[in-house]
Amino acid sequence: MKKESFVSIADCSKDDIIRLIGKAEYFEQNPNQKLLEGKVCATLFFEPSTRTRLSFETAVNRLGGRIIGFTDAATTSSSKGEILKDTIKMVSNYADLIIMRHHLEGAARYAAEVSTIPIINAGDGANQHPSQTLLDMYSIYKTQGSLENLQITLVGDLKYGRTVHSLISGMSHFNPTFHLVAPEELRIPDIYKQFMESHNIPYYEYCDFSEKVINQSDILYMTRVQRERFTDLMEYEKVKNIYVLNNKMLDTCKENLRILHPLPRVNEIAYDVDDNPKAYYFEQARNGIYARQAIICSVLEIE
Amino acid sequence: MGVKKKELKVAALENGTAIDHIPSEQLFKVVSLLEIEKLSTPVTIGYNLDSKKMNKKGILKISDKFFEEDEINRISLIAPNVKLNIIRDYEVIEKKLVALPDELLGIVKCNNPKCITNNEPMKTHFKVIDKKDVILKCQYCEMKTKKEDIVLL
């Protein structure tokens, strides 16, 4: 069986991304089809993630596929000490496709090496979550009509936020400008700055989250500032409420601005923003179904 | 008189490989990376020998053994300026400098405790993304390791 896995957005060329977005658009028009009839998809969630699992399982169900799997490694042999390789080898014998989430970084790449069937990475620790990146990019494409030449503002935890890092990688093909808003402790790591520099991507860093930054943006990508990331809790208390978007801050923004968030949000977007037509985070989550249908059919080589 | 007292500290090789200018402190790591202990041919190990350039150096003379390129390049991480003399019939027929390979399999430990390679019985795999400054990238967790942070397995 042909084995083309989906492990990291960095493995995707510009053409791959455009092709996948085109497919996602097609599935949005035709979400219910029998393309996976007779196929068995394994969802192996070594770490629980209800949102991502439901999104993938909905994608499979709407395409007529069947699902086996587990939602928590505590109920599987890995709790008895079985190594990942053995689990993957075993499931490779049963299913046509593995969708896996794992708490260890690099687990999906390793699984793809030992598996005889395609692997889709549904998140490996703090490393990659490429289906999230694709749905983010599909959302950007849908709301802006293009991926090219956009002003993208990333707000919050830019140090540990893997969605932010992957988005920079995925968007790097489309001539973006990044505005990076983060507290001192959670600034973007140097390796991503070097990445942007080597790809001639302009970026600007800010500590203040102000209307001025918002007003120049086409996309406002909010992330959660996580308490557990701070060594100094005083520092957390200082910044936790600085990066909160409220409706008033959007009074003078561009007409085409859309607000994205990988969810779950805590308090970084005030609830009064939800009714603003520029709030796009719930639609963004729905786009995840179509993006995942596109990924699944792509790795299984179903046209 | 003084000149006469200086004798050859290490016996000449008939056939084999002489590896010179190994930093003394890395000598035994080099021995282990090249798996010298598994050889059955005669090997001379010179340790803490005087060197004009390096003050103290190590030398390995390995009889009847000619290393493959990727075998020898393993030592480039810890001893980048090592010189290799390939000897046949007491003559040096080739001199080589070691070079950092493009990929390193099973040699370097990934410093990320949450990397799969530190949690599964498997070989590590690094790509050398910068040969000049020696920066490695883990093929699995994608974390980069700088020269000064490199830990050998």
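Structure: above.
Below, the structure is looked at part by part.

### Things to note about the packing of helix 5 (residues 130–144) of chain A against helix 6 (residues 162–171) of chain A
To characterise two packed helices, one gives the angle between the axes of the helices and the distance between these axes. Residue and element names in this part refer to chain A. Between helix 5 and helix 6, the least distance of the axes is 9 Å, while the angle of their chain directions is 60°. Between helix 5 and helix 6, the angle falls in the class oblique. Note that helix 5 runs across helix 6; the crossing there is right-handed. Only Thr 163, Ser 166, Leu 167, Gly 170 and Met 171 of helix 6 make contact with helix 5, whose side of the interface consists of Pro 130, Gln 132, Thr 133, Asp 136 and Met 137. Class assignment of the residues belonging to the contact of helix 5 with helix 6 gives a composition of 4 nonpolar, 5 polar and 1 charged.

### Side note on the interface of chain A and chain B
A common measure of how large an interface is: the accessible area buried when the components associate. Taken together, the contact pairs 12 residues of chain A with 15 residues of chain B. Looking at the side of chain A that touches chain B, the elements that each hand over two or more residues are helix 3 (84–94) and helix 4 (107–114) of chain A. Looking at the side of chain A that touches chain B, the element that brings in the most residues is helix 4 of chain A, giving 3 residues. Here the side of chain A that touches chain B is built from residues that sort into 6 nonpolar, 3 polar and 3 charged.

### Examining the packing of helix 2 (residues 50–62) of chain A against helix 10 (residues 281–299) of chain A
Residue and element names in this part refer to chain A. Where helix 2 contacts helix 10, the two axes come as close as 8 Å, and the packing angle between them is 65°. Seen along the crossing, helix 2 lies across helix 10 with a hand that is right-handed. Facing helix 2, whose interface residues are Ser 55, Phe 56, Thr 58, Ala 59, Val 60 and Arg 62, helix 10 presents Gly 288, Ile 289, Arg 292, Gln 293 and Ile 296.

### Some details on the environment of Ser146(A)
All names here are of chain A. Its place among the elements puts Ser 146 in the loop between helix 5 and strand 5 (151–155). For Ser 146, a count of 10 C-beta atoms within 10 Å puts it in the exposed group. As for Ser 146 and Phe 174, which are separated by 28 residues in sequence, their C-alpha atoms are 9.2 Å apart.

What counts, and where the lines are drawn
Residues numbered from 1 in each chain as written. Chains lettered and ligands numbered in written order. Predicted model: local features only at pLDDT ≥ 70, side-chain atom pairs only at ≥ 80, totals over all residues. Axes fitted to C-alpha atoms, helices over the stretch in contact; angles between N-to-C directions. Helix = DSSP H or I, 4+ residues; strand = E, 2+ residues; numbered from the N terminus. Parallel < 35°, antiparallel > 145°, perpendicular 65-115°, else oblique. Left-handed = near helix turned anticlockwise from the far one by under 90°. Contact = placed C-beta atoms within 7 Å. Nonpolar A, V, L, I, M, F, W, Y, C, P; charged D, E, K, R; others polar. Buried ≥ 20, exposed ≤ 12 C-beta atoms within 10 Å, placed from the backbone.

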